[in-house]
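# Per-entry structural report
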Amino acid sequence: MMRRCLLQLALAGMLAGIPAAPRLAAAQGARNQDLARLATTGTLRGSNQNRARDSMVEMAEQLQALYDIGGAAEEADDDVLEEIRERSEDLAEAIGTLLQFVTQIRGGSEDDAPRVTDEPYDRRTLRMVNTYLDLVDPLREFVNGEALEGEALDELRSGLATIEAMTLLLPATEF
């Protein structure tokens, strides 16, 4: 129970640290300029920054919900499994967006895919949350347009890839 409260406080603190940006629909030309700027400067701006912020918030919300499912459900009935599947898909999409931005700057390959051990649902979601909590500060910096260099960017990419790999296996994880 204490761990759950600490997690909620950490996620709420992370969400409070993201400044609200105006959400204006950008033309495709502006989006292309944003992508070009990302590749040359290594920082998020414009529509990329808005998408990254939205993805970071979605990631935190889905992680919290998936973690809470383990504490609330004693067994995985069809409704619980469907909710896990849907939330895992939403989480994987949010992580994929963030990972795409990091990879555009730093590079990476499929060979970098992390290995995921077989473990029960509660343990896996706890590892996902702990990995996320380790990434909050560099992810927030990145999403807010600060340039991360070298090792910090590699750690961010590795952490996101690890959470993504665990997320993709979550619906098949033993409860």
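What this report covers is the structure whose coordinates are included nearby. (Residues numbered from 1 in each chain as written. Predicted model: local features only at pLDDT ≥ 70, side-chain atom pairs only at ≥ 80, totals over all residues. Heavy atoms only, no water.)

It is worth spelling out the environment of Val-102 at this point. Structurally, Val-102 can be placed in helix α4 (residues 78-106). Residue Val-102 is classed as buried on the basis of its relative accessible area of 0%. Every residue in contact with Val-102, bar those within four places of it in the chain, is listed here: Gly-107, Phe-142, Leu-153, Leu-156, Arg-157 and Leu-160. (Helix = DSSP H or I, 4+ residues; strand = E, 2+ residues; numbered from the N terminus. Buried < 20%, exposed > 50% of the residue type's maximum accessible area, 1.4 Å probe, protein only. Contact = heavy atoms within 4.5 Å.)

A word on the side chain of Gln-49. Within the element layout of this structure, Gln-49 appears in helix α3 (residues 46-72). Looking at Gln-49, the relative accessible area reads 11%, which means it is buried. Discounting chain neighbours no more than four positions away, the residues touching Gln-49 are Leu-44, Val-143, Asn-144 and Gly-145.

Attention now goes to the pattern of salt bridges. Scanning all chains against the criterion turns up seven salt bridges. Arg-127 is paired through a salt bridge with Glu-119; the nearest N and O atoms lie 2.8 Å apart. Residues participating in the shared-partner salt-bridge network are Glu-82, Arg-85 and Glu-89. (Salt bridge = Lys/Arg side-chain N within 4 Å of Asp/Glu carboxyl O.)

Among the surface-exposed residues, Glu-74, Glu-75, Asp-77, Asp-78 and Asp-79 lie close enough to one another that they form a single negatively charged patch. Here Asp-79 shows up in helix α4. Since its relative accessible area comes to 62%, Asp-79 is described here as exposed. (Patch = residues over 30% accessible without salt bridge, like charges linked within 9 Å, V, L, I, M, F, W, Y side chains within 5 Å. Areas by Shrake-Rupley, 256 points an atom, 1.4 Å probe, with all protein chains shown as cover. Lys, Arg positive; Asp, Glu negative; His and termini not counted. Charge placed at Lys NZ, Arg CZ, Asp CG, Glu CD.)

Under the 1.5 Å per step criterion, the end-to-end length of α4 is 41 Å for 29 residues, consistent within 8% with the ideal 42 Å. Of all the residues in α4, the buried ones are Val-80, Ile-84, Ser-88, Leu-91, Ala-92, Ala-94, Ile-95, Thr-97, Leu-98, Leu-99, Phe-101 and Val-102. Capping the start of α4, Asp-77 holds a side-chain oxygen 3.2 Å from the backbone nitrogen of Asp-79, two or three residues further along. Phi turns positive, to about 85°, at Gly-107, one or two residues after α4. (Expected span 1.5 Å × (residues − 1). Polar contact = N/O pair within 3.5 Å; in protein donor to acceptor, adjacent residues only side chain to side chain.)

Bringing the nonpolar core into the picture now. Counting 33 residues, the largest nonpolar core has Met-59, Tyr-132, Leu-139, Phe-142, Leu-156 and Leu-160 as the members making the most contacts within it. Elements represented by at least two residues in this core include exactly α3, α4, α5 (121-143) and α6 (150-169). The leading source of residues in this core is α4, at nine residues. If we skip the residues at most four places from it in the chain, Met-59 touches Leu-91, Ala-94, Ile-95, Leu-98, Tyr-132, Leu-139, Leu-160 and Ile-163. (Core = buried A, V, L, I, M, F, W, Y, C linked by side-chain atoms within 4.5 Å.)

With that out of the way, let us pick up the packing of α4 against α5. Relative to each other, α4 and α5 sit at 35°, their axes nearing to 13 Å. Of the two possible hands of crossing, α4 and α5 adopt the one that is left-handed. The residues of α5 that touch α4, namely those facing Ile-84, Leu-91, Leu-98, Phe-101, Val-102 and Ile-105, are Tyr-121, Met-128, Leu-139, Phe-142 and Val-143. Of the residues in the contact of α4 with α5, the class split is eleven nonpolar, no polar and no charged. (Axes fitted to C-alpha atoms, helices over the stretch in contact; angles between N-to-C directions. Left-handed = near helix turned anticlockwise from the far one by under 90°. Nonpolar A, V, L, I, M, F, W, Y, C, P; charged D, E, K, R; others polar.)

Topologically, Glu-119 is positioned in the loop between α4 and α5. Separated by 2.8 Å, the side chains of Glu-119 and Arg-127 make a polar contact.

Since there are 3.6 residues in each turn of an α-helix, residues three or four apart along the chain are aligned in direction. Between its first and last C-alpha, α6 extends 29 Å over 20 residues, near the 28 Å set by a 1.5 Å rise per residue. Of all the positions in α6, only Leu-153, Leu-156, Arg-157, Gly-159, Leu-160, Ala-161, Ile-163, Ala-165, Met-166 and Thr-167 are classed as buried. Where α6 is buried, its residues contact α3, α4 and α5.

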